[in-house]
Amino acid sequence: MYACPTCNASSITFFRKWLSYPALPAYCAVCGSYSHAHRSSGGLGLVVVALGITASGFLASGLQQLWPLLFGTITAITFYISHWHRTQLEVLAPELVSRASLKFLPQKGVFPL
């Protein structure tokens with residue numbers, strides 16, 4: 001569980017933090033505030049993971065061994081999870097949440113009345 005940036009209560013799970021963005025923020029059940037983790041930090045981690053797995057795949061192919069690919073994949077996934085663990089949650093104002101949700105809903109096939 002991760003601490004809410006408003007009240008510091010441990011009320012946000014890893015998956016809520018990982019999936020959070022302005023249109024679908026993490027919600028704190030203790031204080032009722034919304035927060036999200038920046039997507040730019042997740043994109044950087046994903047690029048590093050993709051490059052690491054690709055490099056370990058080339059090494060495994062060159063050596064004709066499976067262990068470099070397994071080691072590279074495990075290391076990359078560990079890096080990605082630790083990267084998201086270190087990413088800080090930021091508070092979102094309720095107005096921004098509702099405005100982002102209205103932009104997000106038509107993309108999902110749900111149109112507000």
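In this text the structure is predicted, and so the values were computed from the model without any measurement.

Our next topic: the overall build of the chain. Helix and strand content of the chain: four helices and five strands. Reading the chain from its N end, one meets helices and strands in the order β-β-α-β-β-α-α-β-α. Counting all 113 residues of the chain, 30% fall into the buried class. When contacts within the chain are restricted to residue pairs at least 6 apart in sequence, long-range pairs at least 24 apart make up 52% of them.

Next up on the list: the sheet that holds strand β3 (residues 26–27). Judged by pairing direction, the sheet is antiparallel, and its three strands sit side by side in the order β3-β4-β5 without closing on themselves. In the strand order of this sheet, the two ends are held by β3 and β5 (90–92), each with one partner. The pairing of strand β4 (residues 34–36) with β5 spans three bridges and is classified as antiparallel. Its bridge partner being in β5, His36 is matched across the sheet by Glu90.

Looking at the chain as a whole, its pLDDT mean stands at 81, while 81% of the residues score no less than 70. When pLDDT is averaged over each element of the chain, helix α3 (residues 67–86) comes out on top at 90 and helix α4 (residues 94–104) at the bottom at 63.

Cut-off values and rules
Residues numbered from 1 in each chain as written. Predicted model: local features only at pLDDT ≥ 70, side-chain atom pairs only at ≥ 80, totals over all residues. Heavy atoms only, no water. Helix = DSSP H or I, 4+ residues; strand = E, 2+ residues; numbered from the N terminus. Buried < 20%, exposed > 50% of the residue type's maximum accessible area, 1.4 Å probe, protein only. Contact = heavy atoms within 4.5 Å. Pairing = 2+ DSSP bridges. pLDDT = per-residue confidence, 0-100.

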